[in-house]
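Observations on the three-dimensional arrangement
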Amino acid sequence: MSLSLAGTALLGTGAGVSSASSHREAPLIAADPQVDNTDVYAFTSPDNQDTVTLVANWLPFQEPNGGPNFYPWADGAHYDINIDSQGTGKPDVTYRWTFHTEDQRGTSTFLYNNGVVNNLTDPTLLFRQYYTLQELRRGCDPVTLVEHGTAAPSDTGRASMPNYGQLRSQATVQLPGGGQTVATQAADPFFLDLRVFDLLYGGNLSEVGQNTLAGYNVNTLSIQVPKSALAYKGDPSRNPVIGVWSSTEKQTLKLSPGKAEPTGKYVQVSRLGNPLVNEVVLPAGLKDAFNSLPPSEDHNQPAVVAKVLNPEVPQLIQAIYGLPAPATPRTDLQEIFLTGIAKATGGPYQVDLNSQLLNQDINPKRFVPAEELRLNMSTPVSPAPNRLGVLAGDFQGFPNGRRLTDDVVDIALQVMEGATPGNLIGALAAGDKVNAADKPFGAAFPYVALPYDKAVNQPN
């Protein structure tokens with residue numbers, strides 16, 4: 001491999017040494033939660049295996065009773081899910097949601113709804129959001145897939161919205177050419193014990209077993225599309241591997257008393273591919289810059305590469321718990337997070353799994369290392385998914401895409417200490433002792449659980 005490839009791959013090792021998802025991960029985006037990406041999921045739809053489901057979440061730590069304004073999407077921002085089918089680090093396809101608000105509260109009430117809401121069209125729902133969904137393909141004019149879609153509202157409580165599942169169903173839109181989409185609030189599907197930030201689970205593993213995100217909601221965009229819509233040249237049999245990431249763009253706000261007016265060019269302010277990259281491995285001074293970059297530029301960031309050549313978290317684990325850190329530089333992780341896994345990359349896995357280099361019709365000279373969540377759409381759906389994914393021999397799991405049930409924290413802790421499929425690190429076997437989400441996922445689109453409607457600080 002070239003020096004640029006080996007160096008850049010170390011940017012990707014961050015995903016293997018982090019221990020929390022991208023909730024409030026960077027200084028600037030922490031102050032702008034409406035456009036803060038939290039997690040991305042990409043998997044073959046288990047009940048419709050000719051399609052792929054992509055799920056991206058924004059606006060973390062939504063306390064269910066957080067009225068009166070609750071948790072709207074940002075008007076005018078570009079909420080994007082990007083697909084790279086050639087391995088260039090550039091999107092071949094982008095699905096873009098842009099929202100606008102109709103607020104009927106005026107000067108008469110502070111309430112989000114002034115009565116029971118059983119349907120999205122009920123006049124009791126006073127705050128509504130609509131969206132346009134566009135499909136952007138490289139070299140083509142934008143195509144509008146949804147002209148005036150209705151977003152499911154924030155769940156304001158059991159008395160106000162006694163059947164939120166019905167509202168979500170009404171907000172689900174069928175797409176031309178096949179597939180469906182929904183913009184909704186959902187229970188945060190990510191699960192982990194966030195006390196990792198307290199000296200790695202208390203300095204003695206006493207702080208584990210609590211799902212910190214239980215009880216909190218997120219804003220979710222889910223889209224299910226035929227595999228042919230994502231594969232290079234529309235051929236998933238010859239070109240089954242895609243790279244996925246979400247991003248958010250917004251304009252500068254011109255502030256005046258009582259107003260905030262968007263103006264100027266759109267700027268990327270948030271980005272997320274593999275879970276765990278930006279939040280822990282990157283030092284504070286590099287986080288905002290990473291959020292502004294496209295994946296195609298990852299291999300040109302020497303400051304980031306220099307930092308991750310010797311990742312911080314394995315050193316902390318060694319210092320606190322005495323578990324020796326793997327030798328550096330961590331080139332063993334490069335194919336997992338930067339290039340995808342393939343025999344040709346020469347890594348320890350020696351299996352053709354999820355690198356775009358496996359696509360038969362791409363130009364390999366244009367391939368660049370880039371931090372993306374890579375999915376091989378031809379991998380069969382696992383009849384009994386294992387939460388540890390590839391490490392447990394379940395090759396449909398993370399890092400081959402990411403299912404809602406994949407325990408990416410425990411996987412990451414294993415990988416950062418050098419685990420490979422069938423060869424786990426025994427000292428890390430217990431992980432953070434949070435092995436599943438608090439609410440079960442659904443068996444059909446959009447799969448995410450309905451939002452919590454009870455305060456986090458109240459007993460069940």
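Thresholds, definitions, all that
Counting of residues starts from 1 at the beginning of each chain's written sequence and follows it residue by residue. This being a predicted model, a pLDDT of at least 70 is required before a residue's local features are given, and a value of 80 or more before pairs of side-chain atoms are given or counted; all residues contribute to the totals for chains, interfaces and linings. To obtain the side-chain values, all non-hydrogen atoms of the structure were used and water was disregarded. Each helix is a run of DSSP H or I of at least 4 residues and each strand a run of E of at least 2, with the numbering of both proceeding from the N terminus. Only protein chains enter the accessibility calculation, which uses a 1.4 Å probe; a residue whose area is less than 20% of its type maximum is buried, one above 50% is exposed, and one in between is partly exposed. Here the Shrake-Rupley method, with its probe set to 1.4 Å, supplies the accessible areas, and only the displayed protein chains count as covering residues. Along the chain, pLDDT gives the predictor's confidence residue by residue, from 0 to 100. In this analysis, two residues are considered to be in contact whenever any of their non-hydrogen atoms come within 4.5 Å of each other. The rule is short: rings of Phe, Tyr and Trp, with Trp giving its six-membered ring, pair when the centres are within 6.5 Å, and they are stacked under 30 degrees, edge-to-face over 60, tilted in between. For a Lys NZ or an Arg CZ to count as sitting over a ring, it must be within 6 Å of the ring centre and within 35 degrees of the ring normal. Should DSSP find at least two bridges between two strands, the strands are regarded as paired. With axes taken as lines fitted to C-alpha atoms, and helix axes fitted only over the stretch in contact, angles between N-to-C directions fall between 0 and 180 degrees. One side-chain nitrogen of Lys or Arg within 4 Å of one carboxyl oxygen of Asp or Glu is enough to make a salt bridge. In these notes, a set of buried Ala, Val, Leu, Ile, Met, Phe, Trp, Tyr and Cys residues joined through side-chain atoms within 4.5 Å is what counts as a nonpolar core.

1. Looking at the overall build of the protein
- What the protein contains, in helices and strands, is ten helices and twelve strands.
- Looking at the protein as a whole, 56% of its 460 residues are labelled buried.
- For the protein, the computed accessible surface area is about 17900 Å², with 53% contributed by carbon and sulfur atoms.

2. So, the confidence of the model for the protein
- Averaged over every residue, the pLDDT of the protein is 87; the share at 70 or more is 88%.
- Counting interchain partners and residues more than four positions distant, the pLDDT-below-50 stretch residues 1-21 has 77 contacts.

3. Points about the packing of aromatic side chains
- With the rule as written, the count across this model stands at eleven aromatic pairs.
- Ring geometry for Phe 70 versus Tyr 112: centroids 5.3 Å apart, planes at 70 degrees, classification edge-to-face. On the criterion of sequence distance, the pair formed by Phe 70 in the loop between β2 (51-62) and β3 (78-84) and Tyr 112 in the loop between β4 (93-103) and β5 (127-137) is long-range, its members being 42 residues apart.
- Classification of Phe 70 as buried rests on a relative accessible area of 15%.
- In this structure Tyr 112 comes out as buried when scored by relative accessible area, which is 5%.
- Between Tyr 79 and Phe 99, the aromatic rings sit 5.6 Å apart at their centres with planes inclined by 85 degrees, giving edge-to-face as the arrangement. In this pair, Tyr 79 sits in strand β3 while Phe 99 sits in strand β4, placing the two residues 20 residues apart along the sequence. Grouping residues by exposure puts Tyr 79 and Phe 99 together as buried.
- Pairwise contacts between aromatic rings join Trp 58, Trp 73, Tyr 79, Phe 99 and Tyr 131 into one cluster.
- One cation-aromatic arrangement involves Lys 439 over Tyr 452; the distance from NZ or CZ to the ring centre is 5.0 Å.

4. Quick look at the sheet that holds strand β1 (residues 37-44)
- Read from one edge of the open sheet, five strands run β1-β2-β9-β8-β7, paired in antiparallel fashion. Bordering the open sheet on either side are β1 and β7 (173-174), each of which pairs with just one other strand.
- Of the pairings in the sheet, the one linking β2 to strand β9 (residues 217-226) comprises nine bridges and is antiparallel in character. Looking across to β9, one finds that Trp 58 is bridged to Asn 219.
- The strands touched by helix α3 (residues 164-171) within the sheet are β7 and β8 (180-187), with β8 carrying the most contacts at an inclination of about 155 degrees.

5. Examining the pattern of salt bridges
- For the structure on display, the rule yields 17 salt bridges.
- Between Asp 80 and Arg 96 there is a salt bridge whose closest N-O contact spans 2.9 Å. Here the residue Asp 80 occupies a position in strand β3, and Arg 96 occupies one in strand β4, the gap between them amounting to 16 residues. Across the pair, exposure class does not vary: Asp 80 and Arg 96 are buried alike.
- With its nearest N and O atoms 2.7 Å apart, the salt bridge here joins Arg 271 to Asp 298. Here Arg 271 is found in strand β11 (residues 259-272), whereas its partner Asp 298 is found in the loop between α6 (284-292) and α7 (302-308), with 27 residues between them in sequence.
- The structure contains a network of salt bridges with shared partners spanning Asp 80, Arg 96 and Glu 249.

6. Describing the nonpolar core
- Tyr 79, Ile 83, Tyr 95, Trp 97, Phe 99, Leu 133 and Ile 223 are the most contacted members of the largest nonpolar core, which totals 90 residues.
- Looking at this core element by element, the count peaks at seven residues for helix α10 (residues 408-416).
- Those residues in contact with Ile 223 that sit more than four places away from it in its chain are Val 52, Thr 53, Leu 54, Ile 81, Tyr 95, Trp 97, Leu 133, Leu 175, Gln 180, Thr 181 and Phe 445.

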